[in-house]
Amino acid sequence: MSFLDQIEPLKQSALAEMRNAADSPALEQARVSYLGTNGKVTSLMKQLGTLSKEEKPAAGKLINAAKTEIEAALAERKAELDLLASRPKEPVDFTLPGRRRRLGKLHPLTQVTEDIVRSFRKIGFAVADGPEVEDEYHCFDALNTPADHPARDTQDTFYVDNPSTLDPRAPADSRPSFSLLRTHTSSVQIRVMEKQQPPVRIIVPGRVYRRDNADATHNPTFHQVEGLYVDRNVTVGDLKGTVEFVFKELMGSETRIRFRPHYFSYTEPSFEIDFSSSLTRKMGKEWLEIAGCGMVHPQVFENVGYDPEIWTGWAFGFGIERIAMIRYGINDIRLFYENDARFLRQF
Ligand code: DAH
């Protein structure tokens, strides 16, 4: 058979094999057998060189055209096979509803903390911060609670040996000071006043620790918000007005508060704050205790170098978990820390 006569049948068989290839491996096999280095079309093209000068141009043109046609058929079949492969193997119900991706949300304690901070910002308070690993001085002594003070028993905590303060070169009679996990945010009152001259108007949200066994209302770690206001001529009236404003914002405008005399070593006089609202009545009580507060003790001012003859102030502290539990009707404090999405999704 002449060179020219071979081209058409070869093309026809190549096109048929390409078009009928059942899958990608079969198509690849067809490609190699025609267009590969030793493929039939390639071999025929190599024979072009043996043709005479007169035959060559027509033969070259014809075989190139055939090759182009074969390549087009290859590409077309490849596209068809790719499309087939991408179709689902199983029947699919396109009318099923899509899968929603749930948006994350803030932890209920974070939400309550942010609400508290927002209310205090409205009346000019700034957020301050202090260390959770404290020393005894800032957590107790500077707050007028020396080592032998009974108030320390109610705030037992986790003590950590602190090598720097247990230095063997220290005088034998000096009492070593320990690092501890702070039992309340009140330590930050001291840290702020040590660094800053009055007036002071801060709130301190933060984590605190106590040696408590976990039950429905106790946990070894929980959260508090501390407040401190220092200026000239500050009164209990300022304290009460401020607390009332914030609790109405947090718990609703019909909220009422009352002060009961109490004792804290860093305030004088000291009070416990009760509040009453539809929430407390839902819990079967008219009044619920919610916070401690009082006028800053002159000794505390002395300890930070403020002159108690000039400066007056008030402070308060309350637990964030307790507020969140009352607000959302949660009956077990441990739920806050279990990271159970079914619980957390509700807020
Ligand atoms: N630190 C107290 C506690 O943890 C709460 C408290 C009471 C804070 C009176 C104060 C205060 O600033 O004046 O129980």
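Scroll up a little and you will see the structure.
Procedures and definitions
Residues numbered from 1 in each chain as written. Predicted model: local features only at pLDDT ≥ 70, side-chain atom pairs only at ≥ 80, totals over all residues. Heavy atoms only, no water. Helix = DSSP H or I, 4+ residues; strand = E, 2+ residues; numbered from the N terminus. Rg over C-alpha atoms; globule rule 2.2 N^0.38 Å. Contact = heavy atoms within 4.5 Å. Areas by Shrake-Rupley, 256 points an atom, 1.4 Å probe, with all protein chains shown as cover. Lys, Arg positive; Asp, Glu negative; His and termini not counted. Charge placed at Lys NZ, Arg CZ, Asp CG, Glu CD. Pairing = 2+ DSSP bridges. Near = heavy atom within 4 Å. Polar contact = N/O pair within 3.5 Å; in protein donor to acceptor, adjacent residues only side chain to side chain. 1 Å grid on protein atoms, 1.4 Å probe; cavity = no way out; pocket = protein on both sides within 12 Å on 5 of 7 lines; lining within 4 Å. Sits in = over half its atoms within 2 Å of the grid points. Nonpolar A, V, L, I, M, F, W, Y, C, P; charged D, E, K, R; others polar. Buried < 20%, exposed > 50% of the residue type's maximum accessible area, 1.4 Å probe, protein only. Axes fitted to C-alpha atoms, helices over the stretch in contact; angles between N-to-C directions. Expected span 1.5 Å × (residues − 1). Points joined across faces, edges and corners; volume = space filled by probe spheres on them.

(A) Fine view of the overall build of the protein chain. Each helix and strand in the protein chain was counted, giving 12 helices and 10 strands. For 347 residues, the compact-globule formula gives about 20 Å, and the C-alpha radius of gyration of the protein chain, at 41 Å, lies well above that figure. Expressed as lengths along the three principal axes of its C-alpha atoms, the size of the protein chain is roughly 120 × 60 × 40 Å. Long-range contacts, defined as pairs at least 24 residues apart, comprise 65% of the intrachain contacts of the protein chain with a sequence gap of at least 6. Accessible area for the protein chain stands at about 19900 Å²; split by element, carbon and sulfur atoms hold 53% of it. The distance from the centre of the 45 positive side-chain charges to the centre of the 49 negative ones in the protein chain is 9 Å.

(B) Just the pairing of strand E7 (residues 256–264), in detail. Relative to strand E8 (residues 267–276), E7 runs antiparallel, the two being bridged by 8 bridges. Each bridged residue has a counterpart across the sheet, and for Arg260 the counterpart in E8 is Glu272. Hairpin connection of E7 to E8: 2 residues between the antiparallel strands.

(C) Here's a closer look at the site of the ligand. Near the ligand you find 16 residues, and of these His184, Arg210, Gln224, Glu226 and Tyr266 are the closest. In this structure, an oxygen atom belonging to the ligand sits 3.0 Å away from a side-chain N or O atom of Gln189. Here an oxygen atom of the ligand sits 2.9 Å away from a polar atom, N or O, in the side chain of Gln224. Considering the ligand on its own, with 360 Å² of exposed area, one finds that the protein chains cover 91% of that surface. The cavity that encloses the ligand is the largest pocket. Taken together, the elements giving at least two residues each to the shell around the ligand come down to strand E6 (221–231), strand E9 (288–296) and strand E10 (312–319). For the shell around the ligand, a count of residues per class yields 5 nonpolar, 9 polar and 2 charged.

(D) Region of the structure containing the environment of Arg201. Position of Arg201 relative to the elements: it lies in strand E5 (residues 200–209). Arg201 sits 30 residues away from Asp231 along the chain, and the two C-alpha atoms are 8.6 Å apart. For Arg201, the contacting residues outside a window of four places in its chain are Ile123, Gly124, Phe125, Ala126, Leu228 and Tyr229.

(E) Geometry of the pairing of E5. Of all 10 residues in E5, 8 are buried; the element is thus mostly enclosed. When strand E1 (residues 126–127) meets E5, the two strands line up parallel, connected through 2 bridges. Within the sheet, the bridge partner assigned to Ala126 lies in E5 and is Ile202. Relative to E6, E5 is paired through 10 bridges, and the arrangement is antiparallel. Residue Gly206 lies in a different strand from E6, and its bridge partner there is Gln224.

(F) Just the sheet that holds E10, in detail. If you trace the 7 strands from one edge of the open sheet to the other, you get E1-E5-E6-E10-E9-E8-E7, paired in mixed fashion. Sheet topology places E1 and E7 at the edges, where each strand pairs with a single neighbour. Alignment of E9 against E10, held across 5 bridges, turns out to be antiparallel. Across the sheet, Ala291 pairs through a bridge with Phe318, a residue of E10. The strands that helix H7 (residues 187–195) touches are E5, E6 and E10; relative to E6, the one it contacts most, it runs at about 40 degrees. Its contacts with the sheet place helix H8 (residues 236–251) against E7, E8, E9 and E10, and it is angled at close to 125 degrees to E7.

(G) Spatial organisation of the sheet that holds strand E3 (residues 159–160). Strand order in the open sheet made by the 3 strands is E2-E4-E3, with antiparallel pairing throughout. Looking along the sheet, the strands with just one partner apiece sit at the ends: strand E2 (133–135) and E3. When E3 meets strand E4 (residues 179–181), the two strands line up antiparallel, connected through 2 bridges. By the bridge assignment for E4, Tyr159 is matched with Leu180.

(H) Structural context of helix H5 (residues 108–122). Helix length check: H5, at 15 residues, gives a terminal C-alpha distance of 22 Å against a target of 21 Å (1.5 Å per residue), a fit within 8%. Here H5 has its buried residues at Pro108, Leu109, Val112, Thr113, Asp115, Ile116, Val117, Ser119 and Phe120.

(I) Structural view of the layout of surface pockets. Here the largest pocket defines a volume of roughly 1200 Å³. Lining of the largest pocket is provided by 44 residues; of these, Arg210, Phe222, Gln224, Glu289 and Gly319 occupy positions nearest its centre. Among the elements of the structure, E6, E7, E8, E9, E10 and helix H11 (320–328) are those that each provide at least two residues to the lining of the largest pocket. Among the elements that make up the lining of the largest pocket, the one with the highest residue count is E9 (6 residues). Among the residues forming the lining of the largest pocket, the class breakdown is 19 nonpolar, 18 polar and 7 charged. Computed from the structure, the second largest pocket encloses a volume of approximately 200 Å³.

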